[in-house]
Amino acid sequence: MKYQSKIVGLGPDALAFLEDEDMNFIIIFNEDAPPELAELSVLHTKAELKEIPAVGDTFKICGKEFKISAVGSEAPHTLEQLGHCTIDFKGGDEAERPGCIMLEGNELLPEDIKIGETIEIY
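### Some details on helix H3 (residues 75-82)
Of all the residues in H3, the buried ones are Ala75, Pro76, Thr78 and Leu79. Looking at the packing, one finds that the buried side of H3 touches strand S1 (3-10), strand S2 (25-30), strand S5 (64-71), strand S6 (85-88), strand S7 (100-105) and strand S8 (118-121). One or two steps after H3, the chain reaches Gly83, where phi turns positive at roughly 65°.

As structure tokens, then:
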């Protein structure tokens, strides 16, 4: 297990990007995110990043498993320091932004994201 955390809150606009099929991403942040960022984020408990996420790893959120297809250059640092990164469900072998982890496989729906569920990387 490289990372494991529990979802503890959803900002009022946290699912807006997931509902837009052209965007298809969520932003995650530790539960102590600044208010202006928390509004857009899926908030989770602070957790230790034990190992850097890599292409081919499994990313599991709310019981759904995905394969990591790309990791942006800043994503490991911001995940470790702030519990923050953009989780993009469009896949592809290049991260769209430096703070992005690209996933492929399942589809994550807004109704899948619930407080008390976990975020895991292994």
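On we go from here.
### Notes on the side chain of Thr78
Note on placement: Thr78 falls in helix H3. With residues near it in sequence (within four places) discarded, Thr78 still touches Gly83, His84 and Cys85.

### Structural notes on the nonpolar core
If you look at the biggest cluster of nonpolar residues, it comprises 26 residues, and the most contacted ones within it are Ile26, Ile61, Ile87 and Ile113. Elements supplying a minimum of two residues to this core: S1, S2, strand S4 (58-61), S5, H3, S6, S7 and S8. If we ignore the near neighbours within four places in the chain, the residues touching Ile87 are Asn24, Phe25, Ile26, Ile28, Phe59, Ile101 and Leu103. Grouped together as the second largest cluster of nonpolar side chains are 6 residues, Phe25, Ile27, Phe29 and Ala38 included.

### Describing the sheet that holds S7
Two strands in a sheet stick together by hydrogen bonds in their backbones, pointing the same way (parallel) or opposite ways (antiparallel). The mixed closed barrel is built from 8 strands, whose spatial order is S1-S3-S2-S6-S7-S5-S4-S8. Across the sheet, the axes of successive neighbouring strands diverge by a mean angle of 35°, strand direction being ignored. Strand direction decides the pairing type here: S5 and S7, joined by 5 bridges, are antiparallel. Counted as the bridge partner of Val71 is Ile101 from S7. Where H3 meets the sheet, its contacts fall on S1, S2, S5, S6, S7 and S8, and the angle it forms with S2 comes to roughly 45°.

### Comments concerning the packing of aromatic side chains
One pass over the full model with this rule turns up 2 aromatic pairs. Ring centres of Phe17 and Phe25 lie 4.7 Å apart, and the angle between their planes is 15°; this geometry places the pair in the stacked category. On the accessibility criterion, Phe25 (11% relative accessible area) is buried.

### Details of unusual backbone geometry
For Asn24, which is not a glycine, the phi torsion comes out positive at approximately 55°. Along the chain, the position of Asn24 falls in the loop between helix H1 (16-19) and S2. You will see that Cys62, though not glycine, has its phi angle at about 55°, which is positive. Along the chain, the position of Cys62 falls in the loop between S4 and S5.

### Quick look at the side chain of Asp112
The topology assignment puts Asp112 in the loop between S7 and S8. A polar contact of 2.9 Å, which involves the side chain of Asp112, links it to the side chain of Lys64. Contacts of Asp112, omitting those with residues within four sequence positions, involve Cys62, Lys64 and Glu107.

### A short note on the pattern of salt bridges
Scanning the model with the defined rule gives 8 salt bridges in all. We note a salt bridge from Lys2 to Glu51, for which the minimum N-O separation is 3.7 Å. Linking Lys2 in the segment before S1 with Glu51 in the loop between strand S3 (41-44) and S4, this pair joins segments that are 49 residues apart in sequence. Since its relative accessible area comes to 11%, Lys2 is described here as buried. Note that Lys46 is salt-bridged to Asp32, the shortest N-O span being 2.9 Å. Taken together, the residues span a long stretch of sequence, with Lys46 in the loop between S3 and S4 and Asp32 in the loop between S2 and helix H2 (35-38) at a distance of 14 residues. By relative accessible area, which is 54% here, Lys46 ends up exposed. Note on Asp32: relative accessible area 48%, which makes it partly exposed.

Parameters and conventions
- Residues numbered from 1 in each chain as written.
- Predicted model: local features only at pLDDT ≥ 70, side-chain atom pairs only at ≥ 80, totals over all residues.
- Heavy atoms only, no water.
- Buried < 20%, exposed > 50% of the residue type's maximum accessible area, 1.4 Å probe, protein only.
- Helix = DSSP H or I, 4+ residues; strand = E, 2+ residues; numbered from the N terminus.
- Contact = heavy atoms within 4.5 Å.
- Core = buried A, V, L, I, M, F, W, Y, C linked by side-chain atoms within 4.5 Å.
- Pairing = 2+ DSSP bridges.
- Axes fitted to C-alpha atoms, helices over the stretch in contact; angles between N-to-C directions.
- Phe/Tyr/Trp six-rings, centres within 6.5 Å; stacked < 30°, edge-to-face > 60°.
- Polar contact = N/O pair within 3.5 Å; in protein donor to acceptor, adjacent residues only side chain to side chain.
- Salt bridge = Lys/Arg side-chain N within 4 Å of Asp/Glu carboxyl O.

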